[in-house]
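# Understanding the architecture of this molecule
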Amino acid sequence: MRRGASHLTVFSDLRESEKNIEIWLPHNEVLELISLTTNAPVSPVENREPVWVHHGSSISHGSNAAGPTEIWPSVAALNGGFRLRNLGLGGSALLDPFMARVIRDAPADVISAKLGINIVNLDSMRLRAFVPGLHGFLDTIRDGHPQTPILLVSPIFCGIHENTPGPVSVDLATLGTDHVRFTATGEEGDTRLGRLSLRTIREAMEAAVATREDPQLHYVDGLDLYGATDAELLPLPDALHPDTETHRLIGERFAHRLKGLRVGTP
């Protein structure tokens with residue numbers, strides 16, 4: 001971490017009439033807002049867009065995306081007409097109870113959670129712990145949002161983990177190059193003692209949604225957002241995170257899911 005110098009950003013050449021100004025802060029830096037000043041009267045905008053609260057991993061956080069409006073949740077929100085609250089946290093989509101409580105207490109018209117990749121690449125759980133942990137996570141959210149649509153999203157295609165458990169590691173052969181890549185260190189096809197690959201975790205997530213009998217809980221297969229065929233055309237640059245173009249693809253596809261929801265309707 002390096003502390004940067006203060007910087008002044010000026011937005012000029014704006015039209016004279018009344019306008020809405022929206023500022024998207026950097027997604028990959030820690031930023032301290034020192035002051036915000038204007039040369040004309042301003043007032044808060046009444047938010048008329050439905051609020052979408054999303055939780056996910058570094059892919060939702062924005063790894064490898066060029067800018068804050070080019071992360072896939074941002075793309076989906078802008079295309080779908082939603083106000084986004086992005087709780088994507090790199091390496092930390094791990095069914096943490098505190099995160100479920102944050103979502104439970106947050107105002108939301110739509111909620112989504114994209115789970116699985118961190119649990120696999122950290123090798124943090126076995127199937128026996130994952131399934132009840134997932135149910136408990138959803139139960140906590142439902143305590144605060146009994147009728148809110150929830151989209152449970154499984155992992156997108158990631159070749160190194162499709163059939164191979166974690167933990168993930170940096171490919172040592174790529175260190176010192178401009179293209180550092182990741183690799184899975186588990187044994188391919190190893191499901192002993194409930195070890196999790198992306199294939200097994202998708203099956204468990206889909207089954208969990210099916211057993212809950214919750215009409216406002218929807219399973220979204222991550223392979224529908226980015227699958228094996230997409231990976232041939234748009235490979236993950238580091239074998240784990242999508243690039244800006246792939247973020248856009250995922251976001252545009254997810255926007256259709258958001259538009260298809262009956263927001264506010266039990």
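Each remark here, short or long, concerns the structure printed above.
Quick summary incoming for the structure in this document. (Residues numbered from 1 in each chain as written. Predicted model: local features only at pLDDT ≥ 70, side-chain atom pairs only at ≥ 80, totals over all residues. Heavy atoms only, no water.)

This part takes up a nonpolar patch on the surface. Residues Phe11, Leu14, Ile21, Ile23, Leu25, Leu31, Leu33 and Leu36 make up a contiguous nonpolar surface patch of about 840 Å² in total accessible area. Following the sequence through the fold, Ile21 ends up in the segment before strand 1 (51–56). (Patch = residues over 30% accessible without salt bridge, like charges linked within 9 Å, V, L, I, M, F, W, Y side chains within 5 Å. Areas by Shrake-Rupley, 256 points an atom, 1.4 Å probe, with all protein chains shown as cover. Salt bridge = Lys/Arg side-chain N within 4 Å of Asp/Glu carboxyl O. Helix = DSSP H or I, 4+ residues; strand = E, 2+ residues; numbered from the N terminus.)

On inspection of all chains with the given rule, the structure shows 15 salt bridges. Notably, a salt bridge pairs Arg192 with Glu187, separated by 3.5 Å at the nearest N-O pair. Among the charged side chains, a salt-bridge network with shared partners connects Glu187, Asp190, Arg192 and Arg195.

The next subject is the packing of helix 5 (residues 127–144) against helix 6 (residues 198–212). Direction vectors running N to C along helix 5 and helix 6 enclose 45 degrees, while the axes themselves pass 11 Å from each other. In terms of their interaxial angle, helix 5 and helix 6 are classed as oblique. For the element pair helix 5 and helix 6, the recorded crossing hand is right-handed. Contacts between helix 5 and helix 6 involve Leu127, Phe130, Val131, Leu134, His135, Leu138 and Asp139 from the former and Ile201, Ala204, Met205, Ala208, Thr211 and Arg212 from the latter. Split by residue class, the contact of helix 5 with helix 6 holds 9 nonpolar, 2 polar and 2 charged. (Axes fitted to C-alpha atoms, helices over the stretch in contact; angles between N-to-C directions. Parallel < 35°, antiparallel > 145°, perpendicular 65-115°, else oblique. Left-handed = near helix turned anticlockwise from the far one by under 90°. Contact = heavy atoms within 4.5 Å. Nonpolar A, V, L, I, M, F, W, Y, C, P; charged D, E, K, R; others polar.)

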